[in-house]
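Residues per chain, in single letters:
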Amino acid sequence: MSMFSTGILVLTSPLHTLPLRINPVLRSAAQLVERTLYVHFQPGLNLGNGSQPRPMFIPPVVDLSNLITRLYSNAADVCSHLDVRVLLTNVRGQLAASTGATISGSPFPTPQHLSHSPEIVLTDFPIQDPGQSHLVTQCLQRYTGHCYVCSPHLASVLLHPQLVKLQEKLEGKEENESEKEAQPLVTFNDVVVGGTFDRLHGAHKTLLNICCLLANRRFLIGVCDQEMLKKKVLKELIEPYSLRVQRLQEFLQDIKPSLQVEIVPLGDPFGESVVDPLLQCIVVSEETRRGGEAVNKKRIENGLQTLVLHEIQLLKDAHHTEIEEEKISSSSLRSRLLGTLLKPLKDTSHLPPLPYVIGLTGGSGSGKSSISRRLEGLGAVWIDSDKLGHETYQQGTAAYYRVIEEFGSDIVNEDKTINRSALGRKVFGNQEQLKALTDIVWPEIALLVKDRISQARAEGKQVCVVDAAVLLEAGWTDMVHEVWVTIIPEEEAASRITERDGVSTEEALRRLRSQWSNARRVEQANVVLSTLLEPEVTQKQVIKAWELLQKRIQNREVPACHPGPA
């Protein structure tokens, strides 16, 4: 059977049996769905008795909460390429205690619109007689169409034949577990949570789903912004606040559209959680429990009721490396983006196809030379624009005479060479003078770079790396096929500069802050690298970037950018 972009998995087994079933079910679903997989729980749904079943509300119970955690954990392990979303529209307990009423009627008065229309529906419903298959699939399609707006050509697949062996193993366990009464989950009218929510992944989705399970009326989310991002690992790769909010809204609208969702920027560790009198519960993990306790301390100081701390477990990352956290985390996912294509390539049809030219840039101390040297070791021709810059000042060059004419003969040494220190003092802090200098020097450097690229072409070289601190500022991107940027935190860059150049920390910071910021460079980068960690980590990163580059050169097609982790 062909692959489908979006699918919906209707799980009919009792909740207490699903933890052991979910792994093989997800593996089977991943063979048919390639982008988005919605999961809909309807325990006890009978698709095989001839009558058309209707969706019913199911109560929020502890088993369901545990199952959601297990499902996202398994999904991260066996089908990490899928955007898995557990739908909770039909999960509803009692309304606020003050009403004393319960929900009745259908969870779906009209079919719910999802962000992506399902093209295939799958189920774990067990059929006793193979002759029932056609009847069951028709019933499944009608049931799903009653709940959600689906593709008009909705396909359906019964996964049960692949689960028969598992069923035999579970039968004894199911009999024992079915005797236990489901433990209800305590729910609240208003629930709050905070986080960065960068590139929604399984741990985020677990957190959001549990919050939606707990919240009856309103869900308040504080999303880290500005000051709260400064200490984050690879903060330059964090998605813009507006995009993170947009993705949260889409996800939450899919999983529980009845909730009143409020998303606010979080500029300090507390935000609205310490001033909102209606809040009743804050969801935390083992890692953030202290933060929840600090919130309650502030609420007491503000004369407010403390919040119930509902703790969820962290999800283990089955794919983590030795330098990454054991839990699923955004920082690990951002580190995996290093060396990959983050931004689609521009049209470079005006450039000769070979040599393929990489423009490598970054701030002072960011490790451009280190990366260039590593790329040279892999076969690239290293063109050092800093060295070429020195050539432009040599006696007899066009730039030599123009610089003296512009800035005066007092910058000339006795041996007729230009005194770079004296020249630097003239342009320091004077933007007009600095621009006059760069207008002379940068075009001359560009000509030398083009000459070196032509030389590499004549020698049959495949790849050149133009190492240029001012690649972006000078507008040299039209000379290169791709822009690569190397980044490290400002404090690390300052430390390297003081050690390398023997200047004070203040002077190092002044230099750095006079340059483009990392964030501004990353906006124009196709590939981002970092030399922050050990040399062997940098080497692996560069090898990864090089191997992906070779594939792009071989394909010679403009590829799509790297997708965000699910």
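Computed from a predicted model, the values in this text were never measured in an experiment. (Residues numbered from 1 in each chain as written. Predicted model: local features only at pLDDT ≥ 70, side-chain atom pairs only at ≥ 80, totals over all residues. Heavy atoms only, no water.)

Draft legend 1. Molecular detail of the environment of Glu 326. With respect to the element layout, Glu 326 can be found in the loop between strand E10 (308–312) and helix H8 (330–337). Sequence separation between Glu 326 and Asn 209 is 117 residues; the distance between their C-alpha atoms is 22 Å. Here Glu 326 is in contact with Leu 315, Lys 316, Asp 317 and His 320, once residues within four sequence places are set aside. (Helix = DSSP H or I, 4+ residues; strand = E, 2+ residues; numbered from the N terminus. Contact = heavy atoms within 4.5 Å.)

Draft legend 2. Looking closely at the nonpolar core. Grouped together as the largest cluster of nonpolar side chains are 85 residues, with contacts concentrated most on Phe 41 and Ile 221. Here the element with the most residues in this core is helix H5 (residues 202–214); it accounts for 8 residues. Contact partners of Phe 41, with chain neighbours within four places excluded, come to Leu 11, Leu 15, Leu 18, Ile 58, Leu 64, Leu 67, Ile 68, Leu 71, Val 86 and Asn 90. Residues Val 449, Ala 456, Val 483 and Ile 487 belong to the second largest nonpolar core, which totals 42 residues. (Core = buried A, V, L, I, M, F, W, Y, C linked by side-chain atoms within 4.5 Å. Buried < 20%, exposed > 50% of the residue type's maximum accessible area, 1.4 Å probe, protein only.)

Draft legend 3. Spotlight on a nonpolar patch on the surface. A cluster of nonpolar residues, Ile 323, Leu 532 and Leu 533, forms a patch on the protein surface that exposes about 250 Å² of accessible area. Assessed through its relative accessible area of 39%, Leu 532 is described here as partly exposed. (Patch = residues over 30% accessible without salt bridge, like charges linked within 9 Å, V, L, I, M, F, W, Y side chains within 5 Å. Areas by Shrake-Rupley, 256 points an atom, 1.4 Å probe, with all protein chains shown as cover. Salt bridge = Lys/Arg side-chain N within 4 Å of Asp/Glu carboxyl O.)

Draft legend 4. Inspection of the packing of helix H14 (residues 490–501) against helix H15 (residues 505–513) at higher detail. Relative orientation of the contacting elements H14 and H15 amounts to 120°, with a least axis distance of 9 Å. It follows that H14 is oblique to H15 by the angle criterion. Classified by chirality, the crossing of H15 by H14 is right-handed. For the pair H14 and H15, the contacting residues are Glu 490, Ala 493, Ala 494, Ile 497, Thr 498, Arg 500 and Asp 501 in the first and Thr 505, Ala 508, Leu 509, Arg 511, Leu 512 and Arg 513 in the second. Tallied by class, residues from the contact of H14 with H15 come to 6 nonpolar, 2 polar and 5 charged. (Axes fitted to C-alpha atoms, helices over the stretch in contact; angles between N-to-C directions. Parallel < 35°, antiparallel > 145°, perpendicular 65-115°, else oblique. Left-handed = near helix turned anticlockwise from the far one by under 90°. Nonpolar A, V, L, I, M, F, W, Y, C, P; charged D, E, K, R; others polar.)

Draft legend 5. Inspection of the side chain of Asp 254 at higher detail. Along the polypeptide, Asp 254 turns up in helix H6 (residues 241–255). Among the polar contacts listed, one links the side chain of Asp 254 to the side chain of Tyr 38, at a separation of 2.8 Å. Polar side-chain contacts of Asp 254 include one of 2.7 Å to the side chain of Arg 85. In this view, Asp 254 contacts Tyr 38, Arg 85, Leu 87, Thr 89, Gln 112, His 113, Leu 114 and Ser 115; residues no more than four positions away in its chain are not counted. (Polar contact = N/O pair within 3.5 Å; in protein donor to acceptor, adjacent residues only side chain to side chain.)

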